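Understanding the architecture of this molecule
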Amino acid sequence: QVQLVESGGGLVQPGGSLRLSCVASGIIFRFSAVGWYRQAPGKQRELVATITSGSSTNYADSVKGRFTISRDNAKSTVYLQMNSLIPEDTADYFCNLHLGRRDFWGQGTQVIVSS
């Protein structure tokens, strides 16, 4: 039974920072590729950042230079460090883990960027 649990969301002012975490269980985590997605109300879910099993990373243009994805295989955890947050970053954030032919989703954590 694969489980993904996101945490670290909350309410933050513009210009602030948050670090999201996604903890995986029931899987050999180090072989996985992981992505962070976000979805705002009424909008389509979009890919924010990805990291491969070899720690190669990729980012959406909208977050380049502000967000950093990383992983700690010993803790079976992937992180999303979010700096210089803007109101457009407001969304529910989800981690997605891909391993072989399988794909798993967490239940999400809410981020609100507002004054």
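Attention here is on the structure that accompanies the text. Because the structure is predicted, anything quoted here is derived from the model rather than measured. (Residues numbered from 1 in each chain as written. Predicted model: local features only at pLDDT ≥ 70, side-chain atom pairs only at ≥ 80, totals over all residues. Heavy atoms only, no water.)

Secondary structure summary: the protein contains zero helices and eleven strands in total. Order of helices (α) and strands (β) in the protein, N terminus to C terminus: β-β-β-β-β-β-β-β-β-β-β. Taken over C-alpha atoms, the radius of gyration comes to 13 Å for the protein, in line with the 13 Å a tight globule of 115 residues would show. Taken along its principal axes, the extent of the C-alpha atoms in the protein is 40 × 25 × 25 Å. The buried share among the 115 residues of the protein stands at 42%. For the protein, the share of sequence-separated contacts (at least 6 apart) that also reach a separation of at least 24 residues comes to 54%. (Helix = DSSP H or I, 4+ residues; strand = E, 2+ residues; numbered from the N terminus. Rg over C-alpha atoms; globule rule 2.2 N^0.38 Å. Buried < 20%, exposed > 50% of the residue type's maximum accessible area, 1.4 Å probe, protein only. Contact = heavy atoms within 4.5 Å.)

Right, let's talk about the sheet that holds strand β7 (residues 67–72) for a bit. Across the sheet, which stays open at both edges, the four strands sit in the order β1-β3-β8-β7 with antiparallel pairing between neighbours. The open sheet has two free edges, formed respectively by β1 (3–7) and β7, since each of these has just one partner strand. Across this sheet, the average inter-strand angle for adjacent strands is 15°, counted without regard to direction. With five bridges connecting them, β1 and strand β3 (residues 18–25) associate as antiparallel partners. Its bridge partner being in β3, Gln3 is matched across the sheet by Ser25. (Pairing = 2+ DSSP bridges. Axes fitted to C-alpha atoms, helices over the stretch in contact; angles between N-to-C directions.)

Attention now moves to the state of the cysteines. Inspection of the entire model under this criterion finds one disulfide. Each sulfur in the disulfide pair Cys22 and Cys95 lies 2.0 Å from the other. Torsion about the S-S bond of the Cys22 and Cys95 cystine: about 50°, corresponding to right-handed handedness. Linking Cys22 in strand β3 with Cys95 in strand β9 (residues 91–99), this pair joins segments that are 73 residues apart in sequence. (Disulfide = S-S within 2.5 Å.)

On to the nonpolar core, then. The tendency in soluble globular proteins is for nonpolar side chains to be buried side by side. With 32 residues, the main nonpolar core has Trp36, Leu80, Met82, Tyr93 and Leu97 as its most contacted residues. At the level of elements, β3, β4 (33–39), β5 (46–51), β7, β8 (77–82), β9 and β11 (109–113) are the ones that each hand at least two residues to this core. The element best represented in this core is β9, accounting for five residues. In contact with Met82, other than residues within four places in its own chain, are Gly16, Ser17, Leu18, Leu20, Arg66, Phe67, Tyr93 and Val111. (Core = buried A, V, L, I, M, F, W, Y, C linked by side-chain atoms within 4.5 Å.)

Okay, the environment of Trp105 next. With respect to the helices and strands, the residue Trp105 is situated in strand β10 (residues 102–105). Separated by 45 residues in sequence, Trp105 and Ala60 have C-alpha atoms that sit 19 Å apart. Apart from the residues within four sequence positions on either side, Trp105 is in contact with Leu4, Tyr37, Arg45, Phe94, Cys95 and Asn96. A distance of 3.4 Å separates a polar atom in the side chain of Trp105 from a polar atom in the side chain of Asp103. (Polar contact = N/O pair within 3.5 Å; in protein donor to acceptor, adjacent residues only side chain to side chain.)

Take the packing of aromatic side chains next. Under the criterion given, the structure shown has one aromatic pair. One cation-aromatic arrangement involves Arg45 over Phe94; the distance from NZ or CZ to the ring centre is 4.0 Å. (Phe/Tyr/Trp six-rings, centres within 6.5 Å; stacked < 30°, edge-to-face > 60°. Lys NZ or Arg CZ within 6 Å of the ring centre and 35° of its normal.)

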